[in-house]
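# Structure assessment
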Amino acid sequence: MFKHILRSLTGGPVTEAAPAPSLDGLAELAGQLDRAAKARLGRSLSIRAVDAGSCNGCELELHALNNPLYDLERFGLRFVASPRHADVLLVTGPVTKNMGDALRRTWEATPDPKWVVACGACAIDGGVFAGSYACLGPVETVIPVDLRIPGCPPRPTELLAGLLALLERSARAA
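Overview of the structure.

Cut-offs applied
Residues numbered from 1 in each chain as written. Predicted model: local features only at pLDDT ≥ 70, side-chain atom pairs only at ≥ 80, totals over all residues. Heavy atoms only, no water. Disulfide = S-S within 2.5 Å. Buried < 20%, exposed > 50% of the residue type's maximum accessible area, 1.4 Å probe, protein only. Helix = DSSP H or I, 4+ residues; strand = E, 2+ residues; numbered from the N terminus.

## A word on the state of the cysteines
Using the criterion set out here, one finds zero disulfides in the structure. In this structure Cys58 is not part of a disulfide, and its nearest cysteine sulfur, from Cys119, lies 4.3 Å away. Overall, Cys58 belongs to the buried group, its relative accessible area being 10%. Given a relative accessible area of 1%, Cys119 falls into the buried group.

## Details of unusual backbone geometry
Backbone torsion omega between Asp112 and Pro113 reads -5 degrees, so that peptide bond is classified as cis. Structurally, Pro113 is set in the loop between helix H4 (100–109) and strand S5 (115–119). With an omega of -10 degrees, the peptide bond between Cys152 and Pro153 qualifies as cis. One can find Pro153 in the loop between strand S7 (147–149) and helix H6 (156–173). One non-glycine residue, Asn56, lies in the positive phi region at around 80 degrees. Within the secondary structure, Asn56 is located in the loop between strand S1 (46–51) and helix H3 (57–64).

All we've got here are geometric facts, nothing functional implied.
Listed below in structure tokens is the structure:
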């Protein structure tokens, strides 16, 4: 037993290294997102993250957007605590029966113009939780969805690219 403990302590983790992000590409993508938000809204984009019943995999990637590597604040993008200050509701997970009414009230409290982004496979189609007795289903069964970002979970760069596509699409529609 001590051999196994010693081997695990001296051998290091048995996980794969994360792929190295392209810092230049990341800066360009976030810069484009900030310019699109200022052109469309006249200010930076405010995002309210809503966990409607996920496994927290998508939330880890959302939190990564605020870490020193991605650092959304430097590009003027920010997460807000209240839906009354948000432009985008970024919803993760399938909507559970307990969260259905709360998600609907959050959407109603968000001022217009507002967009809803379904983040991850579970928010888009129920993912591994599809058909569960505890779930109402994907986000679009409760509130209208403007953009779907696939993945389990989607990477931070995919989240940034999705938000940029949302702003560019809404600018073309306006």
